[in-house]
Every structure is written in C-alpha cells, then in structure tokens.
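# Structural description and commentary
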Amino acid sequence: ESCGKYSCSTEVEVENEDKKGSDTLEKSSVGDLSLNEVHTLAFPSISTADFQFDLEKASDIIVESVADFSRKVDNVRLVLVDLSHKSNILSLVRAKAAERNIDSKKFFTFVGDITQLYTKGGLRCNVIANAANWRLKPGGGGVNAAIFNAAGKSLETATKERAETLSPGISVAIPLPSTSPLYRREGVTHVIHVLGPNMNPQRPNCLKNDYVKGCKVLRDAYSSLFENFASISK
Ligand code: AR6
C-alpha cells in the first residue's frame, strides 16, 4: 500500500543525504544549504485533526495549492508529512496528486514526525510548517506541541518578537536561532506558523460547518504558507 518509508504517488528516489557521524549536525553543514541541496518545505495537513476540517475538501485544496505553486516556482520541494502510514489525508493527497501528474520530485508525501525528519528519516527539510493556534502559544497537542517542544524556548521567544497573534488563513515565518535543537539536529532554519480554519466547536473561531468560508480560509492559509516559503528560498 505504500512504497517503504517514502509514501509516494510514483516511486521517488530521494538522494541519501549524508549524516555527519553523531546525531548532532555540524554547524557548518546546517546554516546554509550546500550546492546540491534543494530548499524543502515539510508541512502537516493544516486543520484536519484537532480543527476537524473535512478530509476530502482539504485534500483537494492541498493538491490544487501545490499544483499552483509548482507551476510558478522552480528548484524547491514541498513535502506533506503525517505520523502514520495509515494516514487518510496522505492517501487522499497521494491519489489526487497522481491523477494530476504532479511532478514527484517537486512534491511527495512522507511518513514521520515533522520534528525528526532528518535524524529519523534521512530527509533534509530546511523549513517546516506548524498548524498553530491563534495565540501562537506552545502546547495544545498535535503538531504545534511537538514543534514547540522540539525547538525549545528559543522558538517561543523568536515567535513573540515577530507576532502576537495570527488570523485564520495567515502565516508567519520565524527564523530559528542556531542554538535551537531543531536547527542543530535537524537543520531546520525556519518554522512557518499557519492558522487554518477551525470546525471544532471546542476551539476559538469555530466556523460551524461553513465550508464556503472554510475552504477559502484553507486556500488562503496554504498560499500564505507557500509564499513565505518562496521568500525564504530566494
Ligand atoms: N509530525 C507530523 N505530523 C503531525 C505531528 C507530528 N509530530 N503531530 C500531528 N501531526 P493538528 P489542526 C499531523 O491537530 O487540525 C493544536 O492544538 C496530524 O496527524 O496538529 O490544524 C494547535 O494549538 C494532522 O494530520 O492541527 C491548534 O489549536 C496534522 O498534523 C490546533 O491543534 C494537523 O493536526 C490546530 O489543529
């Protein structure tokens, strides 16, 4: 049902990215990408777990947004990540990306923890996205808690310097201090916080099943995310 560690629409060969002996990358190897490395954004499926957004609709929006972006921007990669091989959103997106013949060198899916893609999965991603909350606060479970935990206090501080809150459909890019464990171990130089539409009545700003608004906000969220990534990659 999937092709090994890489879950992909077609078989993708990602070069074996050399590890530097220990589990801590040498500083010289992380700050700037070396010549043969391509800027890579790893992102989770925004809003589809705690925020309870419909998976079919979300998968359509992900594939459309990725296709738009890939047409416009060259020499970068986008990777949709989820924790499990059983992930429904990964299966849906994989199938739809294959239908649309999206170039599997520019976009593929990957199973793993977004905070350990390099050390556990051998996949270099210099930018990762976070499915954030409007207060840009650590905790709360899901990928937000995982990223803030892995990045340490310095992400919280750097985030506060850039923004106090986030509106639905908007993202903000945070440069990670080189002291952050996420930078040192994984080579992540930026975290982009994204706030998606919320369909969960237990969370703030619930859209109460208004998918006209919800789909627009989710599209805005991905285009804001990809624009921020493109600026970092210049
Ligand atoms: N690595 C990769 N993917 C993950 C990880 C991880 N470590 N953890 C979760 N996912 P969610 P949302 C996947 O709930 O629906 C938070 O409390 C997960 O399987 O994290 O946008 C925030 O503070 C799913 O596919 O985000 C917000 O309040 C995807 O990440 C709220 O949840 C998104 O799931 C945001 O809810």
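Residues numbered from 1 in each chain as written. Predicted model: local features only at pLDDT ≥ 70, side-chain atom pairs only at ≥ 80, totals over all residues. Heavy atoms only, no water.

So, on to the overall build of the protein. Counting secondary structure elements, the protein contains eight helices and seven strands. Relative to its full complement of 234 residues, the protein shows a buried share of 51%. Accessible surface for the protein amounts to roughly 11600 Å². Of this, 48% is attributable to carbon and sulfur atoms. (Helix = DSSP H or I, 4+ residues; strand = E, 2+ residues; numbered from the N terminus. Buried < 20%, exposed > 50% of the residue type's maximum accessible area, 1.4 Å probe, protein only. Areas by Shrake-Rupley, 256 points an atom, 1.4 Å probe, with all protein chains shown as cover.)

Right, let's get into the nonpolar core. Ranked by size, the top nonpolar core spans 38 residues in total, and within it Leu41, Phe43, Leu78, Phe107, Tyr222, Leu225 and Phe226 carry the most contacts. Secondary structure elements with two or more residues in this core: β2 (39-44), α2 (55-72), β3 (76-82), α3 (88-99), β4 (107-111), β5 (127-131), β7 (190-194) and α8 (211-233). It is α8 that contributes the most residues to this core, 10 residues altogether. Discounting residues that sit within four places of it in the chain, leucine 78 has contacts with Leu41, Phe43, Val66, Phe69, Lys106, Phe107, Phe108, Phe226 and Phe229. Listed in part, the 29 residues of the second largest apolar core include Val79, Phe108, Ala151 and Leu166. (Core = buried A, V, L, I, M, F, W, Y, C linked by side-chain atoms within 4.5 Å. Contact = heavy atoms within 4.5 Å.)

Relative placement of two packed helices is described by the angle separating their axes and the distance separating the axes. Viewed as axis vectors pointing N to C, α2 and α3 meet at an angle of 45 degrees, and their least axial separation amounts to 9 Å. With respect to α3, the axis of α2 lies oblique. Pair α2 / α3 crosses with right-handed handedness. Touching Leu55, Glu56, Ala58, Ser59, Asp60, Ile62 and Val63 of α2 are Asn88, Ile89, Leu92, Val93, Lys96 and Ala97, all from α3. Classifying every residue of the contact of α2 with α3 gives eight nonpolar, two polar and three charged. (Axes fitted to C-alpha atoms, helices over the stretch in contact; angles between N-to-C directions. Parallel < 35°, antiparallel > 145°, perpendicular 65-115°, else oblique. Left-handed = near helix turned anticlockwise from the far one by under 90°. Nonpolar A, V, L, I, M, F, W, Y, C, P; charged D, E, K, R; others polar.)

So, on to α8. Across its 23 residues, α8 extends 32 Å between first and last C-alpha, which sits within 8% of the 33 Å expected from 1.5 Å per residue. Its side-chain oxygen 3.1 Å from the backbone nitrogen of valine 212, aspartate 210 forms the N-cap of α8. (Expected span 1.5 Å × (residues − 1). Polar contact = N/O pair within 3.5 Å; in protein donor to acceptor, adjacent residues only side chain to side chain.)

Inspection of every chain in the model, using the stated rule, returns 10 salt bridges. Residue arginine 219 pairs with glutamate 64 through a salt bridge whose shortest N-O separation is 3.8 Å. Separated by 155 residues along the polypeptide, arginine 219 in helix α8 and glutamate 64 in helix α2 bring together distant segments of the chain. Judged by relative accessible area, arginine 219 falls into the partly exposed class, the value being 40%. Among the charged side chains, a salt-bridge network with shared partners connects Glu56, Asp60 and Lys96. (Salt bridge = Lys/Arg side-chain N within 4 Å of Asp/Glu carboxyl O.)

On to the layout of surface pockets. Taken as a whole, the largest pocket encloses approximately 850 Å³ of empty space. Around the largest pocket, the lining comprises 42 residues; the ones closest to its centre are Ala49, Asp50, Ala131, Gly142 and Val143. Only β3, α3, α5 (142-151) and α8 provide two or more residues apiece to the lining of the largest pocket. Residue composition of the lining of the largest pocket, grouped by class: 20 nonpolar, 15 polar and seven charged. (1 Å grid on protein atoms, 1.4 Å probe; cavity = no way out; pocket = protein on both sides within 12 Å on 5 of 7 lines; lining within 4 Å. Points joined across faces, edges and corners; volume = space filled by probe spheres on them.)

Direction vectors running N to C along α5 and helix α6 (residues 153-162) enclose 105 degrees, while the axes themselves pass 5 Å from each other. By the angle between their axes, α5 is roughly perpendicular relative to α6. Along the contact surface, α5 presents Ile147, Phe148 and Ala151, while α6 presents Lys153, Ser154, Leu155, Glu156 and Thr159. Residue composition of the contact of α5 with α6, by class: four nonpolar, two polar and two charged.

A few words now on the site of the ligand. Close to the ligand lie 24 residues; Ser47, Asp82, Asn133, Gly140 and Val143 are nearest. One of the backbone nitrogen or oxygen atoms of valine 143 is found 2.8 Å away from an oxygen atom of the ligand. Compared with its free state, where it exposes 700 Å², the ligand has 91% of that area covered by protein. Judged by the fraction of its atoms near the pocket grid, the ligand is located in the largest pocket. Looking at the shell around the ligand, the elements with two or more residues in it are β3 and α5. (Near = heavy atom within 4 Å. Sits in = over half its atoms within 2 Å of the grid points.)

Moving on, we get to the packing of aromatic side chains. The relation between two aromatic rings is expressed through the spacing of the ring centres and the mutual angle of the planes. If you walk through the whole model with that rule in mind, you get six aromatic pairs. Taking 4.9 Å as the distance between ring centres and 70 degrees as the angle between the ring planes, the aromatic pair formed by phenylalanine 53 and tyrosine 211 counts as edge-to-face. Placement of the pair is phenylalanine 53 in the loop between β2 and α2 and tyrosine 211 in helix α8, with a sequence separation of 158 residues. Joined through ring pairs, the aromatic side chains of Phe43, Phe69, Tyr222, Phe226 and Phe229 make up one cluster. It is lysine 57 that lies over the ring of tyrosine 211; its NZ or CZ is 4.8 Å from the centre. (Phe/Tyr/Trp six-rings, centres within 6.5 Å; stacked < 30°, edge-to-face > 60°. Lys NZ or Arg CZ within 6 Å of the ring centre and 35° of its normal.)

So, to be careful, I would describe these as geometric facts and stop short of saying anything about function.
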